[in-house]
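Fold and geometry: a report
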Amino acid sequence: MALVGSARVLSNGGDADSPFPEIIELNVGGQVYLTRHKTLIAVPDSLLWQMFNQKTPKELSRDSKGRYFLDRDGFLFRYILDYLRDLNLVLPDYFPEKSRLKREADFFQLQDLSKRLSPKVSKENSISEEISQSDPEEVGFLGGAGGSTASLDPTRFVSAMTSTHTRSPSLESRKSGYITVGYRGSYTIGRDAQADAKFRRVARITVCGKTSLAKEVFGDTLNESRDPDRPPERYTSRYYLKFNFLEQAFEKLSEAGFRMVACSSTGTCAYASSDPSEDKIWTSYTEYVFCRD
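Predicted, not measured: the structure shown is a model, and the values here were computed from it.

Criteria and cut-off values
- Residues numbered from 1 in each chain as written.
- Predicted model: local features only at pLDDT ≥ 70, side-chain atom pairs only at ≥ 80, totals over all residues.
- Heavy atoms only, no water.
- Buried < 20%, exposed > 50% of the residue type's maximum accessible area, 1.4 Å probe, protein only.
- Helix = DSSP H or I, 4+ residues; strand = E, 2+ residues; numbered from the N terminus.
- Arc of directions from axis to C-beta.
- Phe/Tyr/Trp six-rings, centres within 6.5 Å; stacked < 30°, edge-to-face > 60°.
- Lys NZ or Arg CZ within 6 Å of the ring centre and 35° of its normal.
- Core = buried A, V, L, I, M, F, W, Y, C linked by side-chain atoms within 4.5 Å.
- Contact = heavy atoms within 4.5 Å.
- Salt bridge = Lys/Arg side-chain N within 4 Å of Asp/Glu carboxyl O.
- Pairing = 2+ DSSP bridges.
- Axes fitted to C-alpha atoms, helices over the stretch in contact; angles between N-to-C directions.

**Details of helix α10 (residues 211–218)**
- Here α10 has its buried residues at Thr211, Leu213, Ala214, Val217 and Phe218. Across the axial projection of α10, the buried residues extend over an arc of 165°, all falling on one side.
- After α10 finishes, the residue Gly219 shows a positive phi value of roughly 55°.

**Some thoughts on the packing of aromatic side chains**
- Scanning the model with the defined rule gives 10 aromatic pairs in all.
- Seen in terms of ring centroids, Phe107 and Phe108 are 5.2 Å apart; in terms of plane orientation they differ by 85°. Their pairing is edge-to-face.
- On the basis of relative accessible area, Phe107 is assigned to the partly exposed category, the value being 34%.
- You can call Phe108 buried: its relative accessible area is 1%.
- The residue whose ring lies beneath Arg72 is Phe107, and the NZ or CZ to ring-centre distance is 3.8 Å.
- Of note, Arg204 hangs over the ring of Tyr240, and the distance from its end group to the ring centre comes to 3.8 Å.

**Points about the nonpolar core**
- Formed by 28 residues in total, the largest nonpolar core has its most connected members in Leu26, Leu48, Phe52, Phe77, Ile80, Phe108 and Leu110.
- Broken down by secondary-structure element, the contributors of at least two residues to this core are β1 (23–28), α2 (47–54), β3 (68–70), α3 (77–86), α4 (98–107) and α5 (111–117).
- Examining the composition of this core, we find that 6 residues originate from one element, α3, more than from any other.
- Not counting chain neighbours up to four residues away, the residues in contact with Leu26 comprise Gln31, Val32, Tyr33, Thr35, Leu40, Phe52, Arg67, Tyr68 and Phe77.

**So, the pattern of salt bridges**
- For the coordinates displayed, the defined rule picks out 17 salt bridges.
- We note a salt bridge from Glu97 to Arg100, for which the minimum N-O separation is 3.2 Å.
- Overall, the relative accessible area of 31% leaves Arg100 in the partly exposed class.
- Where Lys215 meets Glu224, a salt bridge forms, and the shortest distance between an N and an O atom there is 3.4 Å.
- Take Glu224: its relative accessible area is 14%, and that puts it in the buried class.
- Here the residues in one salt-bridge network are Asp73, Glu97, Arg100, Lys215 and Glu224, joined through shared partners.

**Comments concerning the pairing of strand β6 (residues 205–210)**
- Most of β6 sits inside the fold, with 5 of its 6 residues counted as buried.
- With 4 bridges joining them, β6 and strand β8 (residues 235–241) adopt antiparallel strand pairing. From the neighbouring strand, Thr206 faces β8, where its bridge partner is Tyr240.

**A short note on the sheet that holds β3**
- Read across the sheet, 3 strands follow the order β2-β1-β3 without closing on themselves; strand pairing throughout is mixed. In the strand order of this sheet, the two ends are held by β2 (31–36) and β3, each with one partner. Here the strands of the sheet are splayed against their neighbours by 30° on average, with no regard to which way each runs.
- In this sheet, β3 lies alongside β1 in parallel orientation, the contact comprising 3 bridges.

Here's what the structure looks like:
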C-alpha cells in the first residue's frame, strides 16, 4: 500500500549476508512504498531481484530523502508489489489498465505476471476478451451461439452486416453526458494600487464526471492517482489534469463536442498580516459545467 507520510524508520534486521536492510523504502514515480527486502527479491532473475540481490545500495539511484528511486508508474507499482508478496494476481473489477500493467510487468521482467495479463487467444486466433464483449444478438445471429448460418434469412443477414459496417465507431463512442472542471486560484493586490496585483498560477484543475467520458476527453493528460480503480461507468470527483491551463482544458472539451452550459465562482479576501495596510490576498474557486448532447 502506498504511504502518504514520509516516516523513514527502517530496520536493519535483514539477512546478515545482504547489504540491504530488512525494510526498504522506495520512491516509485513519486509514490512512496515500504516493503520487505525478501518481497523485492521474491522472483529470481527479475529486475528487482537483480537490483536488490546482485547490486549494492551505492549502485542504486536514490531521491533527495535517500529512498531508492524507480522512474516508473507509481500507482501501478502497487499491483506489482502485491504480486511479489504471494505471486498471486488480484485486480479490481472493471480494471481498465491491464495493458499498462502488462507493460510494467515486462519492464520488471516478471514473465509469469506478464503472461497472466496477456489477452487469451482461442484456437480460431480470436481474442477471448473481444468475444465476451460481443453483442449477444449478433453472436446468435451469426451462428456463434444461437444457430447456424444456413438457417439465416439472406435479406436480414445483408441488412445486419451493412448496418454493422456502416456504424461509425467515433459516433458510438461519443456518449452524451456532463463534465465539470474546477480550479482554485489566488492573487495578491498591493496596498498602493491594483496595478500591483500579483497573480499566482492555477495549482490544479479538477475533473468531475463519468470516468469513461473523462478518459475519452483528456486521455493521458488525466491524472487518476487519487481514484485509479474507478469503473468506466461510475462517477468520480477525484481526477485532476496534468497541466495548469484552463484554455487547454476548454480546447480538449470543445474538440470532443462538449459545450459550456454553466459556471459559478466564489471568492474570499484576507490580509497577509494583521495590519490592514498590508497586501490583500484574494482566493477564488470556480467551476465550469460542460455538456455533450
